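Coordinates in review
Spelled out, the chains give:
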Amino acid sequence: MRAPWSQTESLTFRVGRQELAYGSSRLISAREAPNVRLSFDGVKAILQVGDWRVDAFAVKPVRTKTGVFDDDPDRHQSFWGLYAVTPISLLPGGYVDLYYLGLDRRDAHFDQGTADEQRNSVGTRLWGRKEGWDYNLEFVYQFGGFGSGDIRAWTAASELGFTFANAPLKPRLGFKANMTSGDDIGMAI
C-alpha cells in the first residue's frame, strides 16, 4: 500500500516564512487568528523514502503587527520537531503518525505566573478511511518545565465516523471523545 502523497525518494528543504499543519491539526495548524493565519520563520526538511514521509523543522512563530510588511519572528519562542507518517497494514485503510515536538518560550504567561517554559511532546496518531468508515485516534505525552515546576501531562483523543455516500448530501454520523490530564503546577489554595 502506498501513501497517497508517496513519490520517488526525495529530500526537500524549505527556508523562510511558511505555514505548518500536521495530523488532525490538534497541536500544529495554520489556525486562523483574527483575520490572520499562523505562520513561522525557519527551516523545514521533507524526506520521502518509500511509503515514509518524515518532516523535520526548526522555526520561530511570526508576530503579527499592525503595519504593512513589518511582521517578524518572535525572538522569545523557538519551536522544532520531527513528524513521520506511513501506511500501516494492520488497520483497514490505515496510517500511523509518529512525532516529537519541542517548544521553548521565554517569559511565558500562565495563571501560575510568568516564567520560562520548555515543553516536549511525543505522540502517535492512528487514522484512516475505508468503505464509508473513518477513524482518528491520537495519544500525546508532554514533559518539560515551567519555571521551577515540572510539566507532566497527557491526552487521548478519538473520532470515529461513517459517511452515507449513497444518501442525498452524503451525511456523516460521527462520535468524538477526548481525555486530557492536568497538573498542579503553581496551584495555590
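Residues numbered from 1 in each chain as written. Predicted model: local features only at pLDDT ≥ 70, side-chain atom pairs only at ≥ 80, totals over all residues. Heavy atoms only, no water.

**With respect to the overall build of the protein chain**
Secondary structure summary: the protein chain contains 0 helices and 12 strands in total. Taken over 189 residues, the protein chain has a buried fraction of 35%. Pairs at least 24 residues apart make up 48% of the contacts formed inside the protein chain by residues separated by at least 6 positions. Accessible surface computed for the protein chain: about 11,900 Å², of which carbon and sulfur atoms make up 58%. (Helix = DSSP H or I, 4+ residues; strand = E, 2+ residues; numbered from the N terminus. Buried < 20%, exposed > 50% of the residue type's maximum accessible area, 1.4 Å probe, protein only. Contact = heavy atoms within 4.5 Å. Areas by Shrake-Rupley, 256 points an atom, 1.4 Å probe, with all protein chains shown as cover.)

**Side note on unusual backbone geometry**
Most peptide bonds take the trans form, and the phi angle of most residues other than glycine is negative. Despite not being glycine, Asp107 shows a phi value in the positive range, around 55 degrees. Considering the arrangement of structural elements, one finds Asp107 in strand S8 (residues 94-110). For Glu131, which is not glycine, the phi torsion reads 50 degrees and is therefore positive. Structurally, Glu131 can be placed in the loop between strand S9 (113-130) and strand S10 (133-146). Relative accessible area serves as the criterion here: at 70%, Glu131 is assigned to the exposed category.

**With respect to the pattern of salt bridges**
Under the definition given, this model contains 9 salt bridges. Salt-bridge contacts for Asp41 lead to Arg17; the nearest nitrogen and oxygen are separated by 2.7 Å. With Asp41 in strand S4 (residues 40-49) and Arg17 in strand S1 (residues 10-18), this residue pair connects regions lying 24 residues apart in the sequence. On the basis of relative accessible area, Arg17 is assigned to the partly exposed category, the value being 45%. A salt bridge links Asp97 to Arg125; the nearest nitrogen and oxygen atoms lie 3.0 Å apart. Placement of Asp97 in strand S8 and of Arg125 in strand S9 is noted, with a sequence separation of 28 residues between them. What makes Asp97 buried here is its relative accessible area of 2%. The class for Arg125 is buried, based on a relative accessible area of 9%. (Salt bridge = Lys/Arg side-chain N within 4 Å of Asp/Glu carboxyl O.)

**As for a nonpolar patch on the surface**
Nonpolar side chains collect at one region of the surface, where Leu11, Phe13, Val15, Val43, Leu47, Val49, Trp52 and Leu98 lie side by side and expose about 750 Å² of accessible area between them. Of all elements in the fold, only S1 and S4 reach the threshold of two or more residues within the nonpolar patch. Take Trp52: it is sitting in strand S5 (residues 52-63). (Patch = residues over 30% accessible without salt bridge, like charges linked within 9 Å, V, L, I, M, F, W, Y side chains within 5 Å.)

**Observations regarding the side chain of Gln48**
The residue Gln48 is located in strand S4 in this model. Judged by relative accessible area, which is 5%, Gln48 ranks as buried. Only 3.1 Å separates the side chain of Gln48 from the backbone oxygen of Gly50, close enough to count as a polar contact. (Polar contact = N/O pair within 3.5 Å; in protein donor to acceptor, adjacent residues only side chain to side chain.)

**Focus on the nonpolar core**
Counting residues in hydrophobic clusters, the biggest one holds 15 residues, and the most contacted among them are Leu20, Tyr22, Ile28, Phe57, Val59, Phe79 and Leu101. The set of elements that each furnish at least two residues to this core consists of S5, strand S7 (77-88) and S8. Ranked by the residues each element gives to this core, the list is headed by S8, at 4 residues. Excluding its chain neighbours within four sequence positions, the residues that come into contact with Leu20 are Ile28, Ser29, Ala30, Phe40, Lys44, Phe57, Val59 and Phe79. (Core = buried A, V, L, I, M, F, W, Y, C linked by side-chain atoms within 4.5 Å.)

**Structural notes on the environment of Thr8**
Within the secondary structure layout, Thr8 lies in the segment before S1. When its relative accessible area of 62% is taken as the criterion, Thr8 is described as exposed. Sequence-wise, Thr8 and Gly50 are 42 residues apart; in three dimensions their C-alpha atoms are separated by 7.1 Å.

**Re the pairing of S8**
Where S7 meets S8, 12 bridges bridge the pair, whose relative direction is antiparallel. Following the sheet pairing, Ala84 is matched in S8 by Leu98. In this structure, the hairpin formed by S7 and S8 is closed by a connection of 5 residues, where Gly93 is found at a positive phi of approximately 60 degrees. With 15 bridges joining them, S8 and S9 adopt antiparallel strand pairing. Looking at S9, one finds that Arg105 is bridged to Glu117. Between S8 and S9, which pair antiparallel one after the other, the connecting turn spans 2 residues. (Pairing = 2+ DSSP bridges.)

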